[in-house]
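Listed below, chain by chain, are the residues.
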Amino acid sequence: MIEIVNTSINVERVIDSVASPSAGAIDIFIGTTRNNSGGENVLYLEYEVYQDMALETINKLINEAYATWNLCKVSFVHRVGRVDIGEASIVIAVSSPHRKEAFEACRFLIDNVKKTVPIWKKEYFDDDYNWVEGEQNKKGDGV
Amino acid sequence: MMITVKLFAIIRDKVGSDSVKIELPECASVAVLLETLILTYPQLTDWKEVVRIAVNREYVDKNHIMKPGDEVAVIPPVSGG
């Protein structure tokens, strides 16, 4: 399953979706909202998405993962809108015959989501907010 | 040609709209689009070197030539996950 949702993510459903009789391992990454950033108290995060491009970009990353590692299934859910402290904003689940591939593919996916998928998070503090500008290829990539 | 440019996140906040229409010469490159955007919205100057442009939902480089009807978006540094 590959979804962008605006409600609480059902993590168990994501895990169930990658279950496979030929899998010996399921690796899962859950990104959660942290209560601090840059020394300041974060109240909540708000995510925005360029939906059509995000889904296409995510699909490309997942296809690349399937091509690179021997995997059974991959599922991906990203939540947008407001995400409160401790709640999950992203869940990536990967199943594979052996654990090495599941670990590596899951890591690859979250690392590359953070670089390429058009989703943005806004941190809300007590009396201010800040658009987080992530690290991405700046020189020699894009404009 | 008239190109509609989708804006997101901090760029949208700075311009005050989630899309703008920009008149460009036929066969204009993405570099020309960016120059025109900065001239029209000088508050975007600081973002000129860090944004990427997507055409039809794929990242393109500054030499990419646009066509009428292309879906164009300015992508500030992403922060998903």
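What counts and what doesn't
Residues numbered from 1 in each chain as written. Chains lettered and ligands numbered in written order. Predicted model: local features only at pLDDT ≥ 70, side-chain atom pairs only at ≥ 80, totals over all residues. Helix = DSSP H or I, 4+ residues; strand = E, 2+ residues; numbered from the N terminus. Rg over C-alpha atoms; globule rule 2.2 N^0.38 Å. Buried ≥ 20, exposed ≤ 12 C-beta atoms within 10 Å, placed from the backbone. Contact = placed C-beta atoms within 7 Å. Pairing = 2+ DSSP bridges. Axes fitted to C-alpha atoms, helices over the stretch in contact; angles between N-to-C directions. pLDDT = per-residue confidence, 0-100. Nonpolar A, V, L, I, M, F, W, Y, C, P; charged D, E, K, R; others polar. Expected span 1.5 Å × (residues − 1). Arc of directions from axis to C-beta. Core = buried A, V, L, I, M, F, W, Y, C linked by C-beta atoms within 7 Å.

Some thoughts on the overall build of chain A
Broken down by element type, chain A carries 3 helices and 10 strands. Reading chain A from its N terminus to its C terminus gives the helix and strand order β-α-β-β-β-β-α-β-β-β-α-β-β. Compactness check: chain A gives a C-alpha radius of gyration of 16 Å against a globular reference of 15 Å for 143 residues, within 12% of the reference. By its C-alpha atoms, chain A is 50 × 40 × 30 Å across when sized along the principal axes. Out of the 143 residues in chain A, the part that is buried amounts to 36%. Once local pairs closer than 6 in sequence are excluded, the contacts in chain A between residues at least 24 apart make up 76%.

Re the sheet that holds strand E7 (residues 81-84) of chain A
Whenever strands of a sheet pair, they do so through backbone hydrogen bonds, lying parallel or antiparallel. All names here are of chain A. Strand order in this open sheet of 4 strands is E7-E5-E9-E10, and the pairing throughout is antiparallel. The sheet terminates laterally at E7 and strand E10 (129-131), the two strands that pair on one side only. Across this sheet, the average inter-strand angle for adjacent strands is 25°, counted without regard to direction.

Examining the confidence of the model for chain A
Here chain A averages 94 in pLDDT, and 94% of its residues register 70 or above. Note on residues 137-143 of chain A: pLDDT under 50 across the span, and 13 contacts to partners over four residues away in sequence or across chains.

Quick notes on the interface of chain B and chain A
On the chain A side, the residues contacting the 23 residues of chain B number 25 residues. Of all the secondary-structure elements, those providing two or more residues to the side of chain B that touches chain A are helix H1 (9-15), helix H2 (30-40), strand E3 (52-55) and strand E5 (72-75) of chain B. Here the element with the most residues in the side of chain B that touches chain A is E3 of chain B; it accounts for 3 residues. Per-class residue counts for the side of chain B that touches chain A are 15 nonpolar, 3 polar and 5 charged.

Section: the environment of Ala54 of chain B
Examined against the element boundaries, Ala54 of chain B turns out to sit in strand E3. You can call Ala54 of chain B buried: it has 23 C-beta atoms within 10 Å. C-alpha of Ala54 of chain B to C-alpha of Ala73 of chain B: the two residues are 19 residues apart in sequence and 5.2 Å apart in space. Residues within four places of Ala54 of chain B in sequence aside, it is in contact with Met53 of chain A together with Tyr59, Val60, Ala73 and Ile75 of chain B.

Some words on helix H3 (residues 99-116) of chain A
Residue and element names in this part refer to chain A. Over its 18 residues, H3 runs 26 Å from end to end, which matches the ideal 26 Å to within 8%, given 1.5 Å per residue. Looking at H3, one finds that the buried residues are Glu101, Ala102, Ala105, Cys106, Leu109, Val113 and Thr116. In a view along the axis of H3, the buried residues occupy a sector of 130°, so they form one face of it. Contacts from the buried residues of H3 go to strand E2 (25-32), helix H2 (51-68) and strand E8 (88-96).

Digging into the nonpolar core
With 54 residues, the main nonpolar core has Val94 of chain A together with Ala73 of chain B as its most contacted residues. For this core, the element with the highest residue contribution is H2 of chain A, accounting for 6 residues.

Notes on the sheet that holds strand E2 (residues 19-23) of chain B
Residue and element names in this part refer to chain B. Read across the sheet, 5 strands follow the order E2-E1-E5-E3-E4 without closing on themselves; strand pairing throughout is mixed. Strands with a single pairing partner mark the edges of an open sheet, and in this sheet they are E2 and strand E4 (58-60). Neighbour to neighbour, the strand axes of the sheet diverge by 35° on average, direction disregarded. Bridge count for E3 against E5 is 4 bridges, and the pairing is antiparallel. Its bridge partner lying in E5, Ile53 is registered against Val74.

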